[in-house]
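# What the coordinates show
Here's the letter readout for the chains.
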Protein chains: 2
Amino acid sequence: MSLHGKNLIAGVLSAHGSHAFHAMNPAGGAVLEPAFCETTLEEVDLAMAGAEGAYTAFRKSSAEQRARLLERIADGILALGDALLERARAESGLPLDRLTGERGRTVGQLRQFAEVLREGSWCDIRIDTALPERTPLPRPDLRRVLVPIGPVVVFGASNFPLAFSVAGGDTASALAAGCPVVVKGHPAHPGTSELVATAVSQAVAEAGLPAGVFSLLQGSRTEFAVALVKHPLTSAVGFTGSHRGGRALLDAANSRRDPIPVFAEMSSLNPVFLMPGALRERGESIVQGLKTSITAGMGQFCTKPGLVFGIRGAEWEQLSNSLGQAIASTTPASMLHAGICSAYQSGLDALAKVDAVRCVGRSATAARAEYSEPQATLWATSGEVFLREPLLREEVFGPSSLLVEAADADELLSVARVLGGQLTATVHGNAADFAGAGPLLEILERKAGRVIVNGYPTGVEVCPAMHHGGPYPATTDVRFTSVGTASIQRWLRPVCYQNFPETVLPRELWNDNPEGRMRRVNGRLSTEAL
Amino acid sequence: MSLHGKNLIAGVLSAHGSHAFHAMNPAGGAVLEPAFCETTLEEVDLAMAGAEGAYTAFRKSSAEQRARLLERIADGILALGDALLERARAESGLPLDRLTGERGRTVGQLRQFAEVLREGSWCDIRIDTALPERTPLPRPDLRRVLVPIGPVVVFGASNFPLAFSVAGGDTASALAAGCPVVVKGHPAHPGTSELVATAVSQAVAEAGLPAGVFSLLQGSRTEFAVALVKHPLTSAVGFTGSHRGGRALLDAANSRRDPIPVFAEMSSLNPVFLMPGALRERGESIVQGLKTSITAGMGQFCTKPGLVFGIRGAEWEQLSNSLGQAIASTTPASMLHAGICSAYQSGLDALAKVDAVRCVGRSATAARAEYSEPQATLWATSGEVFLREPLLREEVFGPSSLLVEAADADELLSVARVLGGQLTATVHGNAADFAGAGPLLEILERKAGRVIVNGYPTGVEVCPAMHHGGPYPATTDVRFTSVGTASIQRWLRPVCYQNFPETVLPRELWNDNPEGRMRRVNGRLSTEAL
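Residues numbered from 1 in each chain as written. Chains lettered and ligands numbered in written order. Predicted model: local features only at pLDDT ≥ 70, side-chain atom pairs only at ≥ 80, totals over all residues. Heavy atoms only, no water.

### Thoughts on the relation of the copies chain B and chain A
Heads up, the condition is: Alignment of copies: least-squares fit on C-alpha atoms of residues with pLDDT of at least 70 in both copies. In this analysis, two residues are considered to be in contact whenever any of their non-hydrogen atoms come within 4.5 Å of each other.
With an axial shift of 0.0 Å and an RMSD of 0.0 Å, the rotation relating chain B to chain A amounts to 180 degrees. Put plainly, the chains are arranged around a two-fold axis. Of every C-alpha in chain B, the one belonging to Asn 254 of chain B sits nearest the axis of rotation, 3.5 Å from it. Here 100% of the contact residues of chain B are again contact residues in chain A; the copies associate through an equivalent surface.

This is how it looks when you write it as structure tokens:
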């Protein structure tokens, strides 16, 4: 499959720019052909105008039409076959089995949103019928439904070149909602982006929808990211990446004359609390579980546990020793790109400089810099140091974690209280531990979007009950998730139609409920006709 | 009923400040006793710490407990009797019958949220049960519920001294959600605020809830508004008022290290489009309806129609003449306070200076400045002028409206396209008009939170289907409403509990569904036990 290296704007290849960039294989640094043409500000305008132009027709498409679009995209991605996986491997350094799994997740997400659309309760219909005889004032007929918010800009993430990139969770949920999508592809995997974009664009055409429903813009420069967020036609933004990057986009959106929502999933240390009973009963199993969770995918997951807390004592000492050895047994493998690897190294260097933070485990196998390999590293310190040193509460993206030994149960609560917002928090305990864990769980519920008992934060299930979000800086909006079917809610806004004749009322609000939707009618849920 | 003039912080009277202010009767300018003590920054800290301290116990209160709290508040407000209405009249200049109606609405809102709590679907429970045998990976048990976001700061509005003030819609919905509330009372009606706050505080005590669930801070200075929004313990903000005020609060929240949601309902011109068929068939009825909607309550409603559009022709000319006469027949009455009246006058002065905008109707009865009375005013201009003059798209708060004559149906669409975000948009038409109104309605749906056919925007029903919101600058968050039962969603965030034993799982997520909640279990809505 040959790559053209151009932007794909509303179905048309576009290469206005005079600058180009290449992807590089992180494992060895080989430059990957072809050159990709940098997007220009003029192309940003074209893509956004295309999205706006497609909005009205896409808004009117039926849920069934959009469900079929998503299924076509899924089929199209699978039809790309091994060429997609090979290109993604070359661009990301990720192994084929991981990428095969990620493709399955990507396709699964798209199909799950097709189901959501057919089930129909996502648009939260509320109908209050007229009460013309009511005194002192009659009540008009009021019908409310969630409608697509407008053109959405999605920033592809580097750590999931399929599942959080061109046709990942943000794009799938936005298309499901009925929003045209302009993707800013991640510059680390432009070839992967191009292949998937071609499949999306074909699916849009086959579904008989306007081409402006989807565009892909390629670029390695940050300047056009801000242009996309500040573009007057942009209605909302989805982003997965660093705290610095997400905050910059948030600030850009907030500096608009008309601020728009930014859903950035940014930074999380995913604290794990190990209670003494659990360590006594299954310390070795916890060591293995934690080791896997810290080092899988070279720690490049937003849910990697970067902090592990426990209480001073023999069990904790045992855990610390065993986990140090387990981390030392980690064989380095390529990180996603050289930039991530060097940022990881800077993170380690900063930790190494903190007094009273010591390294208690490090990959015994040497890490090859030219292969962007990281040394998995385990650190240890005391609760007292953790409380006074804010640097220890910052994410190090990669296979590093910090053990924090609290002097007692009270100090364990104190360290929990100083944590910032998190995607997840985890507690390992036995029944006796949990009998006294109420205060800790209360704190963690305030800090994290997902609280886990006797499990590990990595491996985020895509399902209705998933909440992949959390207080700032985990995300920029604590009320929404970026994984699972509830993520569609990010791209919707309510509209209330008062006293509309059916001739101009959206079909799902008609009296006879032709779409068979679950609706709240005069306060009661029902799928029946009025 | 004697007033103490102090803040009410977590059940305790507090007057640390050395500055004081008085309310004034807008009708005549009489100073109303007593002096009210300005809040200090120390008192902001006290109130927020009280709210945070109450959070955990309030979070654990049952829906039934909170429902009873809301009902007690409603009863307490009614028990204040005529003293409340008399004080509100003196402070706001609003007539007693209006205030009696507003009290009914306030009490009704509180009781409606009690019903919402008992019905139970507001917390959007989703349960995906474990699939331990699933390959390649098992699925853990995941249970998600909406929980209260944290302490909420509510800014009382001047134009609804009861329904959008101390125990108004923001407070009612936040308490229903389980969030402690700190109200910043509007300085125009501190006595009304104090009376209602006493009722709320008593209800909190009688419900056996911690006093920190509610505080009232009084003040006429803007400096402590920003302190409240930037306070580290504040989780979200509700505001109803001017665009300038709302934007200042939004910017303050966005400048925090950890930005928080601000729900500000700010500015709307509520455009009304009059189609030729409707004018032909019931022009005089439209004149009367518009006149009432523009001048009721001296135009001091966020949904007052400030723009009326039509197409050049005999019907439009007739409408213009008749509405001008109707507006001229308006008898001035006191506005809410002298500041609002002078802002209104400035708005009129600015319009009068625009070339090709002419006055076509003005209250024949003189307006008495010492009674803060406004002259109701109707203006007229062409679509062409409207398109080129951005000033005409800014809200003038008070009994003023602008007629805009489009040259033809195309220009009508053009003027609709340049509108900013609105709370409402209205179209009057007959069946023939609506046969061709699709493009106009599509534009208006993008611009407004509520679209009305053959009605008037004032008179906002409090019900499940109401959406009182809209794109910026109507509000700061297009996704949420500040009126109706859906407004509870502003104060909630999802938390997902993974693999929790029932001993530590919130009760509404237990297998046997002891609260009888509607829950989405493995994708299907159900009230049954698992």
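### Structural notes on the side chain of Lys 447 of chain B
Let me state the cut-off plainly: A run of DSSP states H or I qualifies as a helix once it reaches four residues; a run of E qualifies as a strand once it reaches two. Both are numbered from the N-terminal end. Think of a polar contact as two N or O atoms within 3.5 Å of one another; within protein, one of them needs to be a possible hydrogen donor and the other a possible acceptor, and neighboring residues in sequence only count if both atoms come from side chains.
Structurally, Lys 447 of chain B can be placed in helix α15 (residues 438-447). A distance of 2.8 Å separates a polar atom in the side chain of Lys 447 of chain B from the backbone oxygen of Arg 417 of chain B.

### Some details on the nonpolar core
Nonpolar side chains in soluble globular proteins tend to end up buried together. The line we're drawing: Nonpolar core, defined: a set of buried Ala, Val, Leu, Ile, Met, Phe, Trp, Tyr and Cys residues in which side-chain atoms within 4.5 Å join the residues together. Classification of residues uses two cut-offs on accessible area relative to the type maximum, computed with a 1.4 Å probe and protein chains only: under 20% is buried, over 50% is exposed, and between them is partly exposed.
Core analysis: the biggest nonpolar cluster contains 225 residues, and Phe 273 of chain A together with Phe 273 of chain B have the highest contact counts within it. Those residues in contact with Phe 273 of chain B, other than ones at most four positions away along the chain, are Phe 309, Leu 412, Val 415, Ala 416, Leu 419, Thr 426, Val 427, His 428, Leu 440 and Leu 444 of chain B.

### Things to note about the packing of aromatic side chains
Quick note on the threshold: Only centres within 6.5 Å qualify two rings of Phe, Tyr or Trp (six-membered ring in Trp) as a pair; their planes then separate them into stacked at under 30 degrees, edge-to-face at over 60, and tilted for everything else. In our convention, an over-ring charge means Lys NZ or Arg CZ found within 6 Å of a ring centre and within 35 degrees of that ring's normal.
Counted under the stated rule, the structure contains 19 aromatic pairs over all chains. Relative to Trp 491 of chain A, the ring of Phe 263 of chain A lies with its centre 5.3 Å away and its plane at 80 degrees, an arrangement referred to as edge-to-face. Of this pair, Phe 263 of chain A sits in strand β11 (residues 262-265) while Trp 491 of chain A sits in the loop between β18 (448-453) and β19 (492-498), placing them 228 residues apart in sequence. What makes Phe 263 of chain A buried here is its relative accessible area of 6%. For Trp 491 of chain A, a relative accessible area of 0% gives the class buried. By the ring-pair criterion, three or more aromatic residues cluster together here, those being Phe 263, Phe 480 and Trp 491 of chain A together with Phe 263, Phe 480 and Trp 491 of chain B. The ring of Phe 160 of chain A is capped by Arg 105 of chain A, whose NZ or CZ atom sits 5.5 Å from the centre of that ring. Against the face of Phe 386 of chain B rests Arg 393 of chain B, its NZ or CZ located 5.6 Å from the ring centre.

### As for the state of the cysteines
What counts here: Note on terminology: disulfide denotes any pair of cysteine sulfur atoms within 2.5 Å.
In the structure shown here, the tally under the stated rule is zero disulfides over all chains. The cysteine Cys 341 of chain B is free of any disulfide, with Cys 359 of chain B supplying the nearest cysteine sulfur at 16 Å.

### As for the packing of helix α4 (residues 96-119) of chain B against helix α5 (residues 169-177) of chain B
Residues and elements named next belong to chain B. As a reminder of what qualifies: Interaxial angle, 0 to 180 degrees, is taken between N-to-C directions of lines fitted to C-alpha atoms, where a helix line uses only the stretch in contact. With respect to orientation, any angle under 35 degrees is reported as roughly parallel, any angle over 145 as roughly antiparallel, any angle of 65 to 115 as roughly perpendicular, and every other angle as oblique. Crossings are sorted by hand: turned counterclockwise from the far helix by less than a right angle, the near helix makes the crossing left-handed, and turned clockwise it makes it right-handed.
Closest axis-to-axis distance for the α4/α5 pair is 9 Å, and the angle between their directions is 20 degrees. The angle between α4 and α5 falls in the class roughly parallel. Judged by the sense of rotation from one axis to the other, the crossing of α4 with α5 is right-handed. Along the contact surface, α4 presents Gln 109, Leu 110, Phe 113 and Leu 117, while α5 presents Gly 169, Ala 172, Ser 173 and Ala 176.

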